[in-house]
Every structure is written in structure tokens, then in C-alpha cells.
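The chain contents come next:
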Amino acid sequence: MLEIKTLCAKINETDILKGLSLTVKPGEIHAIMGPNGSGKSTLSKVVCGHPSYEITGGDVTIDGESILEDAPDVRAQKGLFMAFQYPVEIPGVHNGNFLRMIYNAKRKATGLDELDPLEFETFLQEKLKMVEMDDLFLERAVNHGFSGGEKKRNEILQMLVLEPRFVFLDETDSGLDIDALRIVSKAVNQYKNTQTGFVVITHYQRLLSHIVPDVVHVMVDGQLVKTGDKSLALELEEKGYDWLLT
Amino acid sequence: MSQELLDTLTSQDYPYGFVTDIASDTAPKGLNEAIIRLISANKKEPDFMLAFRLKAYKHWLTMTEPSWANVAYPPIDFQAIHYYAAPKTPPKKLNSLDEVDPELLRTFAKLGIPLTEQKQLAGVAVDAIFDSVSVATTYKEKLLQHGVIFCPLSEAVEKYPELIKQYLGSVVSYTDNFYAALNAAVFTEGSFVYVPKNIVCPMELSTYFRINTADTGQFERTLIVCEEYASVSYLEGCTAPKFDTNQLHAAVVELVALDHANIKYSTVQNWYAGDPKTGQGGIYNFVTKRGKCLGKQSKISWTQVETGSAITWKYPSCVLIGEGSVGEFYSVALTNHFQQADTGTKMIHIGKNTKSTIVSKGISAGRSHNTYRGIVQMNKSAIGAHNFTQCDSMLIGNRCSANTFPTIDVRNASSTVGHEATTVKISEDQLFYCAQRGISQEDAIAAIINGFCKDVFKELPTEFAVEATQLLGLKLENSVG
């Protein structure tokens, strides 16, 4: 279970998260919606340990143990995954090798033997199909020169490879055309299982009609101000956020 | 990138910094005609070699140290250096490796260079040079069966004086520059390779240089000659113990390629770089390397991975004389801590339709300075000549610097020259992205740097590509917190 307890965080003396609490159990899908600048993207970065943010209060625990002292790579080993809103380009690093590297880092952390390139290739093929990518995709540098849709599919591919326990999808639908949205949603739905908790951060109801949430939260000014079921997303689509701003 | 990360970047250790306790014969410090005569006599050289040395020495006296390089260091006292040091044993010629001082064998084994042939890297012949003398050359007989000569230069002077007379100094003249003149006067050892017509050298050749004695200059000289349709791949590696004082390394390498010959020369340089915290000590690596593509369709390819030395000053170059000859330069230069490197190449196009490729990757970290300096010269006679230069710099942190000084000199209208350059910085976002996927910052930096360097690494002989990758990782070890 992932618990975020009255979490406060700032960047460059500006408070962004102001006592936010959220509990994500395995198998649950939480959606977080909210106006621009409410701190939605900051939440996933802070939980994953981005070095630019300073935590000023609260705690984040996995299965009851605080992860705030852990380096980002250690948090990842504990099963946290974030699909980036803007996936980072790493020129020169072969995408296929990168995927094998992250997979083997996980295996190593859990005391398993690393897979050699051939074994990994077999393992990867099925995942590639799930995001409708071909082998050529692996030959390019990580996200380098990828279209917006390709980058997001690459994020989901990495999720499928790592099989994380808690997933933050940070505006994964932004910049996606309808086909890419369908592919990404389908892959997430295929992966969705009783062991994994999702936090889906989005502006739009359209993603939530593909990835159906159990709970919808509204985030305003660094806090969750309203929580409801999936019908809340439809209500927001219709009414906007103004009625929630005080 | 965080300060913490930068600080740890400046705290890696040099594993080759030990000194071997072995008795050595060392000439008194200083340079004069008597020392040169002593070196020549110790090596039992014929008269033409002594004359060669003295001529160079006299010319050297008229020269001044070059000051145009983008490096800073206190003046060198050339009288405070030993110009000759040799392990006391063996005084006589060795019949087999079994006679080599076991302490020396252990030293090279510790450096990862096993000299006993049964333990050898498969398919690599090694000439091991310790201070001023060659201690062992492996696979000599097997190579000779193919007509390939691979031996210490002093042995070549004795056994093949005609070849030495013809080629030594024919590519890098003693008048070329200050350090080349100094080298010609006092060089003590080096390797000689001769590959006769139509022979493809059956194995990788490799020379391993080790400076051991304190305050010793190392002045080796390598000469490689490839006759028509012959080819060879050669690799040199270098390490030195940690001393507080700077040591001078002024080597000369000359390559000669006749018609359709192919020489590939690779360097993995890891001389002691000085104290990571204070910058004290380390090797001054002032080296002149040049290849002459004399024959038509000949090819000379330099690949270097420069990671060591306090100061590196070297420009492996190609003079492209033969019609259609090809020159290549692939370089990775990594500087960290207080290291300074001013390195690059010269491609001098003289023959028709000559081609050159330059791929330079400079990585600067710590407080280091890394400079690429290159000349591409298309002479009047170089009709239809072609050059492409790719020059990339990577910065790690904000206390280092990278500079590029490319000179392009075109004297005919039919040649083409291309130059591309980029500067990149490993960003915090890239490291966070990798970390979020479970990769440690160290592994992430190594992966990014290997990606940055892969165009160069793929030019290295396979056995050494892995070594080079590990070496870069080692040089940046603990680079992150």
C-alpha cells in the first residue's frame, strides 16, 4: 500500500504541495484532476524523489515504511514508476539496451540473475506487441527524435517491462492522437491487475473513459479538495473547476 | 547537477599508482652530450644512431618550448630529469620469458598484462616496456614466420639497420617540434613493426608502457612500416605510479603506409593524472604522432582513448600523399579533476581524391580543461579531396571547460570539407529519468558517456573496446552521490 500523508513540498521557496494525503491500495485506480498549476505533476515527481523539490512536511510510505530517505533509484526498486509528462531524451543510448538495463537493474535488486540479450529479446517481444511497436523502435536512442506519441508509448513499454507496484501516469494523454491514446490505454488496461495501484493525472475526461478510475480526486492549490467516483470526472468536464475554487 | 554529485566526481582513485621495488640503473639527472653518448653506449648503438641523436640534440638547444597550447603549467626544468632508467636485471639478452625478473612479470600481471604466453590474451602479441627498456615481447617467433617483425626498437637498430636508416625520422623529423627534437636526442626504447608486402598481420600487436622510476622521463619511439597491400592493427597502453612530482613523457610515433597498406593504431592512455584533490603530480604527456600515407589507396586510422595524464598535448596526424589515401582520427578525451588536455589531429591532404574523417569526443568533468585543436589542410594538389569532421563536447558539472579550435585551410576549389560540432551537458533531468527506472546515477552516467563515445569505441579492436568502456567508468567512479 502506498500512503501519502499530509505531504508538503516546495521548489525554490515556493510551496507547491500543502498537506496532501492519498492512499493507494493494490488494484485501485485513482484519478487526479485539477486546474493548471495546482501541483498535479509535482506530486508524482516528489513521490518519486526528484532532487529539485524539498519536502517540508508529511511522509510517504510503502507498506508502512517511509521512502523519503531513499534515493530515486531505490524508490524505483521498491516498485514506484512514473510515466513522465515530458519523457527525457538520452541521445546515444540505445533504446533496446536501455530497456534491458532497467530490467536487469530490477532483477539484480531482487537477487535474480541478469538476462542476456537473447533471453531479454524473447521477454520483450510480447510487451512490444502490447504497445504496437516494432523492433526498429529499439534501435533508436532513448526518446531521441521520437514523436510525442512514440515517447508516451515508450513510457508504457518501460512500465510493462518493470512491472511496478505503483504507477503514476503524469498527463500521459497530453499530446496523444486518438490512435496513440487507444494504444496506451489498451496497454494499461492489459497490465492492470490486483497487485498494482495507479494514480492517473489528467486534465481530460477522455482518458478516463478508456482507463476507468475507482476514485476521482480534484486537486487545487496543493491539496485534494474533493473526492468522488468516476461520475465526478464527468461533472468536472461539464462544469469546469470554478465551482470548486473558493 | 548538484554540488554533492560534483564533489564525489572528484574522488576516484587510480589503481595503477603502485611503485615496483626493483633495482634500477639510472643515469644522472640532466641533459648534455655526455648523457646522450651514455644512452647510446648503454644501448650499444651503431654510429649512425649516435649521429642521429647528437644532430637532434644540437637542434633542440636552439628551440623553445611551444606555448600556444591551451594548457598551463610551471616551467619544466629539463636538467632535473633522469633521461635513462633501466631495471638492473637482465643485463644479458633473454632467451625466454622464464628469465624475466619475476617481480616485473608480477608488475605487468597486476596491470592486467600477463606476459606469459599461455595466459596471453588470445591473438594479441605484447611488447612490454618498463621505464627505458623492453622487458618482454611475446609471440615474436610466430610473427616472424609470417615475415612480420615486432621487436623493441633497440633490437631493430641492431638487426635491421637499413630499415631504421630508411624510415626513422622520415615522418616526424627532429626539426618538427621541441619535444620531437628532445625525443630524437634521448629516446630510449619503443617498438618496431614491419609488415612485408601482401601480409595481413595475423594478430593484434600491442605495446604496454610503464613508467616506474621517480623523476624519470619516458621517451619512447615507435615506428611502424607497412609495405604494399600489408595491414596491421596496433595498440598501446600506458600507466605510471603515483608520484608527487610531474613526470615528462615525450614520445614519438611514426607510421608509414605504402600502396594499399592499412595501419590501425589505437591508444588507451591512462597515465597517472595527479592527485584528484590538489592536482599535484601526474604525467606531462607531450607526444608527437604522425602517419604518412605514402602509397596510393593506403589508409591510416588513429583511435585514441585518452583518460590519464595531468597534461595531454598530442595531435595524431595523417599526411595523405598517395592518391586516394585515407586518414582517420577517432578520439575520446576525458578530463577530470585538475587534468588539462589539448588534443586533436592534423589531416594534411596532398594527393588527389584523398579522404579524411575526424570524430572527436571530449568529456570534461571536475575542474578540468579539455580542448580540441585540429587542422584540415587541402593543398593545391589535393584535387577532389574530402574531409568530414565531427567534434562533440560533453560537460559534467559547471567547473570544467571545453574548447574547440578547428582550423580549415583549403587551397583548391574541388575539395570538400565538412565540420559539425555539438556541446552537451548531462542534465539532472536525464539522471532523474534513469534513476526513476531504477538505474544508479553512476550507471546512468556510464551509459550516457558510452553512448556519447560509441562512434569511437566501435573503432577499437574488440578486445579493448570493453576495456575502454570499463576504464571510462572507472575514471568517473564515485562521480555521483
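Reading guide: rules and limits
- Residues numbered from 1 in each chain as written.
- Chains lettered and ligands numbered in written order.
- Predicted model: local features only at pLDDT ≥ 70, side-chain atom pairs only at ≥ 80, totals over all residues.
- Helix = DSSP H or I, 4+ residues; strand = E, 2+ residues; numbered from the N terminus.
- Buried ≥ 20, exposed ≤ 12 C-beta atoms within 10 Å, placed from the backbone.
- Rg over C-alpha atoms; globule rule 2.2 N^0.38 Å.
- Contact = placed C-beta atoms within 7 Å.
- Nonpolar A, V, L, I, M, F, W, Y, C, P; charged D, E, K, R; others polar.
- Axes fitted to C-alpha atoms, helices over the stretch in contact; angles between N-to-C directions.
- Parallel < 35°, antiparallel > 145°, perpendicular 65-115°, else oblique.
- Left-handed = near helix turned anticlockwise from the far one by under 90°.
- Pairing = 2+ DSSP bridges.
- Core = buried A, V, L, I, M, F, W, Y, C linked by C-beta atoms within 7 Å.
- pLDDT = per-residue confidence, 0-100.
- Expected span 1.5 Å × (residues − 1).
- Bend = angle between axes of the 7 residues up to and from the residue.

### Comments concerning the overall build of chain B
Moving on, step 1. Helices and strands together make up the secondary structure of chain B, namely eleven helices and 23 strands.
Moving on, step 2. Each of the 481 residues in chain B was classed as buried or not, and the buried ones make up 56%.

### Focus: the overall build of chain A
Moving on, step 1. If you tally the helices and strands in chain A, you get nine helices and twelve strands.
Moving on, step 2. Over its C-alpha atoms chain A spans a radius of gyration of 18 Å, differing by no more than 12% from the 18 Å that the globule rule assigns to 246 residues.
Moving on, step 3. Long-range contacts, defined here as pairs at least 24 residues apart, represent 73% of the contacts in chain A between residues at least 6 apart.

### A word on the interface of chain A and chain B
Moving on, step 1. Every contact between the two is made by 22 residues of chain A and, on the other side, 17 residues of chain B.
Moving on, step 2. Of all elements in the fold, only α2 (72–77), β7 (90–94) and α3 (95–109) of chain A reach the threshold of two or more residues within the side of chain A that touches chain B.
Moving on, step 3. Looking at the side of chain A that touches chain B element by element, the count peaks at five residues for α3 of chain A.
Moving on, step 4. When its residues are assigned to classes, the side of chain A that touches chain B shows 16 nonpolar, four polar and two charged.

### Thoughts on the packing of α3 of chain A against helix α6 (residues 148–162) of chain A
All names here are of chain A.
Moving on, step 1. Packing of α3 against α6 leaves a shortest axis separation of 9 Å and a crossing angle of 30°. In terms of orientation, α3 and α6 fall into the roughly parallel class. For α3 against α6, the interelement crossing comes out right-handed. For the pair α3 and α6, the contacting residues are Leu99, Ile102, Tyr103 and Lys106 in the first and Gln158, Val161 and Leu162 in the second.
Moving on, step 2. Here the contact of α3 with α6 is composed, by residue class, of five nonpolar, one polar and one charged.

### With respect to the sheet that holds strand β4 (residues 54–62) of chain A
Sheets are built from strands paired through backbone hydrogen bonds, the pairs being either parallel or antiparallel.
All names here are of chain A.
Moving on, step 1. Strand order in the open sheet formed by four strands is β2-β1-β4-β5, and the pairing between neighbours is antiparallel. Both outer strands of the open sheet, β2 (14–24) and β5 (65–66), are each paired with one neighbouring strand and no more.
Moving on, step 2. Pairing geometry for β4 and β5, over two bridges, is antiparallel. Counted as the bridge partner of threonine 61 is serine 66 from β5.
Moving on, step 3. Relative to β2, helix α1 (residues 40–48) is tilted by about 75°, and along the sheet it contacts β1 (2–11), β2 and β4.

### Points about the environment of glutamate 238 of chain A
Moving on, step 1. Of note, glutamate 238 of chain A is situated in helix α9 (residues 231–239).
Moving on, step 2. According to the C-beta neighbour criterion, glutamate 238 of chain A is exposed, with 8 such atoms within 10 Å.

### Focus on the environment of methionine 63 of chain B
Moving on, step 1. Turning to its location among the elements, methionine 63 of chain B is positioned in the loop between α3 (47–61) and β2 (85–87).
Moving on, step 2. Non-local contacts of methionine 63 of chain B, meaning those with residues more than four positions away in its chain, are made with Phe178 and Ala181 of chain B.

### Side note on the sheet that holds strand β11 (residues 215–220) of chain A
Residues and elements named next belong to chain A.
Moving on, step 1. One open sheet holds the six strands; their spatial order is β6-β9-β10-β3-β11-β12, and the pairing between them is mixed. Both edges of this open sheet fall to β6 (80–83) and β12 (223–228), since each of them pairs with a single strand only. The sheet shows a mean angle of 20° between the axes of neighbouring strands, taken without regard to direction.
Moving on, step 2. Two strands pair when backbone bridges link them, and β11 and β12 are joined in this way by five bridges, in the antiparallel orientation. Following the sheet pairing, methionine 219 is matched in β12 by leucine 224.

### Thoughts on helix α8 (residues 178–186) of chain B
Residue and element names in this part refer to chain B.
Moving on, step 1. Taken across its nine residues, α8 has eight buried, putting it largely inside the fold.
Moving on, step 2. Those residues of α8 that fall on the buried side of the exposure criterion are Tyr179, Ala180, Ala181, Leu182, Asn183, Ala184, Ala185 and Val186.
Moving on, step 3. Tucked into the core, α8 has its buried residues touching α2 (33–42), α3, β8 (221–226), β11 (252–257) and β13 (282–293).

### Concerning the nonpolar core
Residues and elements named next belong to chain B.
Moving on, step 1. Cys226, Val232 and Ala257 are the most contacted members of the largest nonpolar core, which totals 186 residues.
Moving on, step 2. Counting residues per element, this core draws most heavily on helix α10 (residues 441–457), at ten residues.
Moving on, step 3. Setting aside chain neighbours within four positions, we find cysteine 226 in contact with Val195, Ser231, Val232, Val256, Ala257, Leu258, Ala261, Asn262 and Ile263.

### Side note on the packing of α2 of chain B against α3 of chain B
All names here are of chain B.
Moving on, step 1. Contact geometry for α2 and α3: axes closest at 10 Å, N-to-C directions at 155°. Between α2 and α3, the interaxial angle falls into the category roughly antiparallel. α3 is crossed by α2, and the crossing has right-handed handedness. Along its contact with α2, which presents Glu33, Ile36, Arg37 and Ser40, the element α3 presents Met49, Leu50, Arg53, Leu54 and Tyr57.
Moving on, step 2. Here the residues of the contact of α2 with α3 sort into five nonpolar, one polar and three charged.

### Regarding the confidence of the model for chain B
All names here are of chain B.
Moving on, step 1. Confidence in the prediction of chain B, expressed as mean pLDDT, is 84, and 81% of residues score 70 or more.
Moving on, step 2. Every residue in residues 5–11 is under pLDDT 50, and counting partners more than four places away or in other chains gives 22 contacts.
Moving on, step 3. Segment residues 90–94: pLDDT under 50, and four contacts once partners within four positions in sequence are set aside and those in other chains are kept.

### Remarks on the environment of glycine 384 of chain B
Residue and element names in this part refer to chain B.
Moving on, step 1. The residue glycine 384 is located in the loop between β20 (369–378) and β21 (386–395) in this model.
Moving on, step 2. In this structure glycine 384 comes out as partly exposed when scored by C-beta crowding, with 17 C-beta atoms within 10 Å.
Moving on, step 3. Glycine 384 sits 28 residues away from asparagine 412 along the chain, and the two C-alpha atoms are 8.7 Å apart.
Moving on, step 4. Filtering out sequence-adjacent residues up to four positions away, glycine 384 remains in contact with Lys352, Asn353, Ser414 and Ser415.

### Thoughts on the pairing of strand β10 (residues 246–249) of chain B
Residue and element names in this part refer to chain B.
Moving on, step 1. Neither face of β10 is open: one carries Asn246 and Leu248, the other Gln247 and His249, and all of them are buried.
Moving on, step 2. Both β10 and β13 contribute to a ladder of four bridges, which runs parallel. Paired with glutamine 247 across the strands is isoleucine 283, a residue of β13.

### Topic: helix α4 (residues 117–130) of chain A
All names here are of chain A.
Moving on, step 1. The end-to-end C-alpha separation of α4 is 20 Å, in line with the 20 Å expected for 14 residues at 1.5 Å each.
Moving on, step 2. Taking the largest bend as the criterion, α4 deviates by roughly 30°, centred on leucine 124.
Moving on, step 3. All of the buried residues in α4 are Phe120, Leu124 and Lys127.
Moving on, step 4. In the core, the buried residues of α4 are packed alongside α3 and α6.
Moving on, step 5. With its phi angle positive at about 55°, glutamate 132 sits one or two positions after the end of α4.

### Here's the deal with unusual backbone geometry
All names here are of chain B.
Moving on, step 1. In this structure, asparagine 198 takes a positive phi of about 65° despite not being glycine.
Moving on, step 2. Mapped onto the elements of the fold, asparagine 198 is located in the loop between β6 (191–195) and β7 (204–210).
Moving on, step 3. Asparagine 198 gets classed as exposed once you count the C-beta atoms within 10 Å, which come to 12.
Moving on, step 4. Notably, tyrosine 229 is not glycine yet its phi reads approximately 60°, a positive angle.
Moving on, step 5. For tyrosine 229, the position within the fold is in the loop between β8 and β9 (231–239).
Moving on, step 6. On the basis of neighbour count, tyrosine 229 is assigned to the partly exposed category, with 19 C-beta atoms found within 10 Å.

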